[in-house]
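Single-letter residue listing:
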Amino acid sequence: MGSATPDAESHSDRISLPNGQSMEQSGTSSRSAAEVKLMTLSPPPPEWIGNNELAQDYALIHGMVMAPSFWRTYAPDVVRKSKSAAYALPGHHPWKLAAPGQSIPPEAVAAAYAEALRRDFGGRPVTLIGHSTGGFVSLLIARHYPELVKSIVLIGAFACGRFEGQERLPAKLLRVPRVGYFLFRQFFQRWISTSEQFRWGSVECVFDKGCPWQNDRAVEAMEDVRLQLQQARPEDIAACIHFMSATTLVADLPSIRVPVLNIVGADDAIVPPAHQLRVSKLLPQVQTVLLRNCGHLPMVEHQTLTAGAISAFVDGVATLQAKNRRPIAGKAAAQMFQFMRMSLNRTEQSPAGRVQTAQDSILHQGLGEGPHEYHPHRHSYSVADRRPAKLGT
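Everything numeric here is computed off the predicted structure, so don't read it as measured data. (Residues numbered from 1 in each chain as written. Predicted model: local features only at pLDDT ≥ 70, side-chain atom pairs only at ≥ 80, totals over all residues. Heavy atoms only, no water.)

K.L.:
If you had to explain the confidence of the model for the chain to someone new, which residues and values would you point to?
P.N.:
Overall, the predicted model of the chain reaches an average pLDDT of 78, with 71% of residues at or above 70. Taken as a whole, residues 19-38 scores under 50 in pLDDT and shows 27 contacts with residues more than four places along the chain or in a different chain. Note on residues 346-361: pLDDT is under 50 here. Beyond four places in sequence and across chains, it has 24 contacts. (pLDDT = per-residue confidence, 0-100. Contact = heavy atoms within 4.5 Å.)

K.L.:
I'd like a rundown of helix H5 (residues 133-144), residues and numbers included.
P.N.:
The first and last C-alpha atoms of H5 sit 17 Å apart over 12 residues, in line with the 16 Å expected at 1.5 Å per residue. Within H5, 10 of the 12 residues are buried, which leaves it mostly tucked inside the rest of the structure. All of the buried residues in H5 are Thr133, Gly134, Gly135, Phe136, Val137, Ser138, Leu139, Leu140, Ile141 and Ala142. (Helix = DSSP H or I, 4+ residues; strand = E, 2+ residues; numbered from the N terminus. Expected span 1.5 Å × (residues − 1). Buried < 20%, exposed > 50% of the residue type's maximum accessible area, 1.4 Å probe, protein only.)

K.L.:
Describe the pairing of strand S4 (residues 57-61), and please don't skip the residues or the numbers.
P.N.:
The buried fraction of S4 amounts to 5 of the 5 residues, a majority that puts the element mostly inside the structure. Residues of S4 alternate between two faces, with Asp57, Ala59 and Ile61 on one and Tyr58 and Leu60 on the opposite face, all of them buried. Summarising the sheet, S4 and strand S5 (residues 83-87) pair through 5 bridges and their orientation is parallel. By the bridge assignment, Ile61 is partnered in S5 with Tyr87. Pairing analysis gives 4 bridges linking S4 to strand S6 (residues 126-131), with the strands arranged parallel. Across the sheet, residue Leu60 finds its bridge partner in S6, namely Ile129. (Pairing = 2+ DSSP bridges.)

K.L.:
I'd love a proper account of unusual backbone geometry, names of residues and values included.
P.N.:
A cis amide bond, omega 10°, links His93 with the succeeding residue Pro94. With respect to the secondary-structure elements, Pro94 resides in the loop between S5 and helix H4 (106-121).

K.L.:
Just give me the short version of the pattern of salt bridges, but keep the residues and values in it.
P.N.:
Pairs can form between side chains of opposite charge once their charged atoms are near each other. Inspection of the entire model under this criterion finds 8 salt bridges. Residues Arg80 and Asp77 are paired through a salt bridge, measuring 3.9 Å at the closest nitrogen-oxygen approach. Here Asp77 and Arg80 lie together in helix H3 (residues 77-80), a separation of 3 residues that amounts to about one turn. (Salt bridge = Lys/Arg side-chain N within 4 Å of Asp/Glu carboxyl O.)

K.L.:
Explain a nonpolar patch on the surface residue by residue, including any values.
P.N.:
Where nonpolar side chains cluster on the molecular surface, the patch consists of Val179, Phe182 and Leu183 and spans about 230 Å² of accessible area. With respect to the helices and strands, the residue Val179 is situated in the loop between helix H6 (169-174) and helix H7 (180-191). By relative accessible area, Val179 is classed as partly exposed at 41%. (Patch = residues over 30% accessible without salt bridge, like charges linked within 9 Å, V, L, I, M, F, W, Y side chains within 5 Å. Areas by Shrake-Rupley, 256 points an atom, 1.4 Å probe, with all protein chains shown as cover.)

K.L.:
How would you explain the nonpolar core if you had to name every residue and give the values?
P.N.:
Grouped together as the largest cluster of nonpolar side chains are 103 residues, with contacts concentrated most on Trp71 and Ile152. With 9 residues, the single largest contributor to this core is H4. Those residues in contact with Ile152 that sit more than four places away from it in its chain are Leu128, Ser138, Leu139, Ala142, Ile256, Val258, Pro259, Val260, Leu261 and Phe313. (Core = buried A, V, L, I, M, F, W, Y, C linked by side-chain atoms within 4.5 Å.)

K.L.:
An account of the pairing of strand S7 (residues 149-155) is needed here, citing residue identities and associated values.
P.N.:
Summarising burial for S7: 6 of the 7 residues are buried, a large majority. Pairing of S6 with S7, which is carried by 6 bridges, proceeds in the parallel orientation. Looking across to S7, one finds that Ile129 is bridged to Val153. One crossover worth recording links S6 to the parallel S7 by way of H5, and it is right-handed. Alignment of S7 against strand S9 (residues 260-265), held across 4 bridges, turns out to be parallel. Counterpart to Ile155 in the pairing with S9 is Ile263. (Right-handed = clockwise from strand over helix to strand, strands pointing away.)

Here is the structure:
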């Protein structure tokens, strides 16, 4: 796999704003006290989705242009039975920015979530579950506030906001000089204008375009997300995209010491699987589950397997921490991953009534003592999919 290489020279480093000006991505320019105050963020409000039946704490963060309500439909059962709060990304409803389109440095994002976690969980460490950009933010929180994080579940996540040659259309539009924001606003508002437009604009996220998992419950969930996006300001969404695009955590991954479960769709067309596997390689304590025939939404496309992997992971973390009464590392981490493997190998009953095993997933067992190695011969995707990922800032 390729090393992390900045792509700053191959892209413009400026983003268009509603007033026609542009914003530097480096964030190194001097700022007045008023500007610093403006860039602070109030903590996001929680959307409670658990019933407190289990003595476990979870915080869930959705992906870009999604909504906290998404987790009401697709959170695993173990999360629903625990004390669980879903939070929006910055600028997503109901978490509006103080000023439309304000700059949001990564330190301010981490501080706002940390304040929310202390407020809602009394300072107890929680398991963070983050999808896509939500996973990116989960790593950011763990980097700055490790005392608030018990473990992390990454789903289709990444460690830097820009991929060479694979930058998403909204971010590209925002780089167009002078008119970028207005192009983005038109694109965004048209996409969320109708249920059908929103669905077809989202279908690239999944592997099977026929969406065999889609039912009335899924349609209702996506419609609720669309309605919440309509309540967000396009300039706030643009500011969140800028924050993501301007930030990289690649160099910070080796310092994130909490246990991590990384769930990867082998056919993810949004975040390259090669990058997701590199994230695993750089994290010290990580378990990677690779799902075949799966795109960017494992919790939707393979809901049973994803929920099983998460449940096995949190059970393993809880068992080992209770046994050792100290942070998981070394031999204890290896034992936790073995516990996960045993749990995932059990057969489970699907909603359709047929017994299925974890044969559609590949579970890589790490030792918790060093970077998690990537072995391309174990995976099912093509040579083109295995090309090195060029990561940037």
